[in-house]
Amino acid sequence: MESSEVNMSRDSSQLDESARGSSSPDVALERVLSLLKSHRDRSSVSLVCKDWYNAERWSRTHVFIGNCYSVSPEIVARRFPKIRSVTLKGKPRFSDFNLVPQNWGADIHPWLVVFAAKYPFLEELRLKRMTISDESLEFLAVSFPNFKALSLLSCDGFSTDGLAIIATHCKNLTELDIQENGIDDKGGSWLSCFPESFTSLEALNFANLTSDINFDALERLVGRCKSMRVLKVNRSISLEQLQRLLVNALQLAELGTGSFSQELTFRQYEELESTLSSSKNIHTLSGLWEAKGLHLPALYPVCTHLTFLNLSYAPLQSGELAELLAHCPQLRRLWVLDTVEDEGLEAVGSSCPLLEELRVFPADPFDEDIIHGVTEAGFVAVSYGCPRLHSVLYFCRQMTNAAVATIVQNCPDFTHFRLCIMDPGQPDYLTNEPMDEAFGAVVKTCTKLQRLSVSGLLTDLTFEYIGRYAKNLETLSVAFAGSSDWGMQCVLTGCPKLRKLEIRDCPFGNAALLSGLDKYESMRSLWMSACNVTMDGCRQLAREMPRLNVEVMKEDGMMVFKQIKYMFIVLLQAQGGMRHHLCLLSEMLAVKSYAGDDIPFCRHRVGLMFIQQSNSVKA
């Protein structure tokens with residue numbers, strides 16, 4: 001951070017009085033700026049002049065911080081005095097797969113202490129990969145009397161006792177969203193802690209909790225909350241119980257069902273079908289745990305208005321999917337398992353002309369002898385029938401250059417293209433050639449491309465194509481690819497908007513790492529693991545870029561080298577091969593966003609860099 005920028009931040013409190021005493025045109029400007037929702041637009045506005053800077057800071061009610069270590073809570077509070085909603089991200093995504101030390105940090109409590117003093121009117125807190133204890137949840141519940149919305153995604157450190165505290169004390173709660181957390185699930189009794197007079201809840205998601213819940217308490221809660229629009233339950237909820245919930249919540253717009261596989265009597269099935277027919281506002285459907293084709297027809301009345309269908313927990317066969325999609329003419333987003341096979345994807349192409357996003361996940365990524373799955377044929381079929389497709393995540397076991405070229409020719413507006421060939425280093429299975437031309441076609445044809453994940457047998461030619469053509473690329477994920485340092489150098493020098501780069505098991509070394517010296521301060525994150533980088537190269541990088549935070553760790557997480565500045569590097573020794581394989585299959589990318597988007601006085605974005613050192617390389 002430049003000294004002038006630091007001074008701007010420190011002196012901002014001195015500008016408060018003059019800003020608040022400004023004339024009516026400034027008040028009008030604040031009202032206009034309050035209509036801006038984009039973080040980037042607001043950041044750009046604040047850089048126009050001092051008056052606009054002050055107007056923006058006083059009209060800001062929501063702040064987004066993509067790295068909890070990029071800025072202190074004190075600076076945030078000084079910069080934005082009227083915040084009511086905070087979105088905060090902590091650990092990198094690799095923490096989901098135990099590649100980040102358990103005690104890495106990202107504790108929310110210091111932030112809550114500052115917020116309690118500066119933002120007692122705080123209403124919303126949305127956390128991702130943060131550590132939040134039950135004690136912190138209690139502090140949150142008692143410190144903010146008008147608190148309304150809590151969203152925890154991939155967080156850890158808390159239990160259902162903490163949820164009980166939130167339910168007990170947050171009298172104005174409208175949203176409780178608990179997704180994929182490392183939570184100590186002690187049972188479903190926490191739902192009974194909502195007072196009988198409580199009626200304000202509009203969104204409740206506990207789909208990924210594992211224990212049986214207190215259904216009577218849930219049924220009473222849903223019945224009382226007449227404004228509830230989102231309800232996503234866990235798999236302990238049976239179809240009979242789901243029907244009882246829906247009778248009292250016909251206004252729902254997003255529904256996540258529980259188990260969809262129990263045996264029903266004829267009367268129970270009729271009641272379920274009738275209730276679903278009356279739920280005319282549902283546009284998002286998920287859950288459907290272990291769904292059986294026998295019960296799917298009950299969903300057909302709901303499908304008419306669906307725009308998002310998440311079947312990632314439903315191992316449907318191709319025929320079952322085809323019958324379901326025939327009733328989904330408005331579908332924009334679809335997530336499925338590869339159990340649908342190519343025939344199921346052909347049904348997608350013929351039934352979903354408005355589709356914009358497709359994700360195909362492997363039902364069993366570690367079974368190398370699996371006989372089902374999807375191939376290039378299914379992907380091509382989708383591309384012919386879904387010309388609006390612009391975002392894809394596609395796990396498969398084989399692909400060809402020609403197929404990818406056809407796909408992008410049919411769908412040239414891709415902004416997100418993630419192709420994961422699950423056998424690392426696999427060539428075009430028909431020609432035995434590298435997959436270079438496939439990804440060359442992607443970057444040449446899809447000029448709006450922002451996010452790209454490559455896989456298969458790739459040489460430096462792929463990275464030459466990326467550096468030459470992918471001028472709007474922001475995120476790149478690479479594994480088991482490349483021939484030399486030249487590949488990484490092409491990307492770093494040729495992609496002006498690159499902000500996040502993940503490299504795993506590639507032959508890139510010190511020359512490649514050091515070729516990005518002019519690039520790293522404009523990037524958000526870099527992860528390198530199982531590459532040819534040495535400690536000497538890392539130390540040279542730290543010396544030449546003193547604004548970086550540098551942490552060097554052994555496999556056991558012990559610190560051996562540290563340099564504290566404004567950016568962040570972690571150097572780790574490689575973990576076991578299984579973890580590498582798991583990370584590849586899970587399509588992990590580095591931390592999603594950083595404070596440079598939302599805190600304009602950081603002219604150089606505060607980034608996060610990870611370099612995981614290979615066991616075979618000596619310090």
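Residues numbered from 1 in each chain as written. Predicted model: local features only at pLDDT ≥ 70, side-chain atom pairs only at ≥ 80, totals over all residues. Heavy atoms only, no water.

### Concerning the environment of R42
Reasoning step 1: Positionally, R42 belongs in helix α3 (residues 39-46).
Reasoning step 2: Linking R42 and R60, residues 18 residues apart in sequence, is a C-alpha distance of 8.7 Å.
Reasoning step 3: For R42, the contacting residues outside a window of four places in its chain are L33, S34, L36, E56, S59 and R60.
Reasoning step 4: Within the structure, R42 has its side chain in polar contact with the backbone oxygen of L33 (distance 2.6 Å).
Reasoning step 5: A distance of 3.4 Å separates the side chain of R42 from the backbone oxygen of L36, its partner in a polar contact. (Helix = DSSP H or I, 4+ residues; strand = E, 2+ residues; numbered from the N terminus. Contact = heavy atoms within 4.5 Å. Polar contact = N/O pair within 3.5 Å; in protein donor to acceptor, adjacent residues only side chain to side chain.)

### Some details on the packing of helix α16 (residues 401-410) against helix α17 (residues 436-445)
Reasoning step 1: For the pair α16 and α17, interaxial distance at closest approach is 7 Å and the crossing angle is 10°. Here α16 is positioned roughly parallel relative to α17, judged by the angle of their axes. In the packing of α16 onto α17, the handedness of the crossing is right-handed. In contact with N401, V404, A405 and V408 of α16, α17 contributes D436, E437, A438, A441, V442 and T445.
Reasoning step 2: Its residues assigned to classes, the contact of α16 with α17 shows six nonpolar, two polar and two charged. (Axes fitted to C-alpha atoms, helices over the stretch in contact; angles between N-to-C directions. Parallel < 35°, antiparallel > 145°, perpendicular 65-115°, else oblique. Left-handed = near helix turned anticlockwise from the far one by under 90°. Nonpolar A, V, L, I, M, F, W, Y, C, P; charged D, E, K, R; others polar.)

### Concerning the confidence of the model for the chain
Reasoning step 1: Residues of the chain with pLDDT of at least 70 account for 83%, and the chain-wide mean is 84.
Reasoning step 2: Segment residues 557-609: pLDDT under 50, and 214 contacts once partners within four positions in sequence are set aside and those in other chains are kept.
Reasoning step 3: For the stretch residues 612-619, pLDDT sits under 50, and the model shows 31 contacts to residues farther than four places along the chain or on other chains. (pLDDT = per-residue confidence, 0-100.)

### Focus: the nonpolar core
Reasoning step 1: One finds L204, L218, L309, F417 and L452 to be the most contacted residues of the largest nonpolar core, which totals 164 residues.
Reasoning step 2: Residues contacting F417, with those up to four places away along its chain left out, are F379, V392, V404, I407, V408, F439, V442, L449, R451, L452 and S453.
Reasoning step 3: Counting eight residues, the second largest nonpolar core, distinct from the first, contains F308, L337, C420 and M422. (Core = buried A, V, L, I, M, F, W, Y, C linked by side-chain atoms within 4.5 Å. Buried < 20%, exposed > 50% of the residue type's maximum accessible area, 1.4 Å probe, protein only.)

### Considering the environment of V100
Reasoning step 1: Relative to the elements of secondary structure, V100 occurs in the loop between β2 (85-89) and α6 (109-118).
Reasoning step 2: Sequence-distant contacts of V100, that is, excluding residues within four places in its chain, are made with P92, F94, S95 and W527.

### Considering the packing of helix α7 (residues 134-143) against helix α8 (residues 160-169)
Reasoning step 1: Put simply, α7 and α8 touch, their axes get as near as 8 Å, and they point 5° apart. Considering the angle they form, α7 stands roughly parallel to α8. Taken together, the residues of α8 that come into contact with α7 (itself represented by D134, L137, E138, L140, A141 and V142) are D161, G162, L163, I165, I166 and H169.
Reasoning step 2: In the contact of α7 with α8, the residues fall into seven nonpolar, two polar and three charged.

### Quick word on α7
Reasoning step 1: Listing the buried residues of α7 in full gives D134, S136, L137, L140, A141 and S143.
Reasoning step 2: Where α7 is buried, its residues contact α6, β3 (124-128), β4 (149-153), β5 (156-159) and α8.

### So, the side chain of H295
Reasoning step 1: Within the element layout of this structure, H295 appears in the loop between β11 (284-286) and α12 (300-303).
Reasoning step 2: Sequence-distant contacts of H295, that is, excluding residues within four places in its chain, are made with L239, F260, S261, Q262, L264 and Y269.

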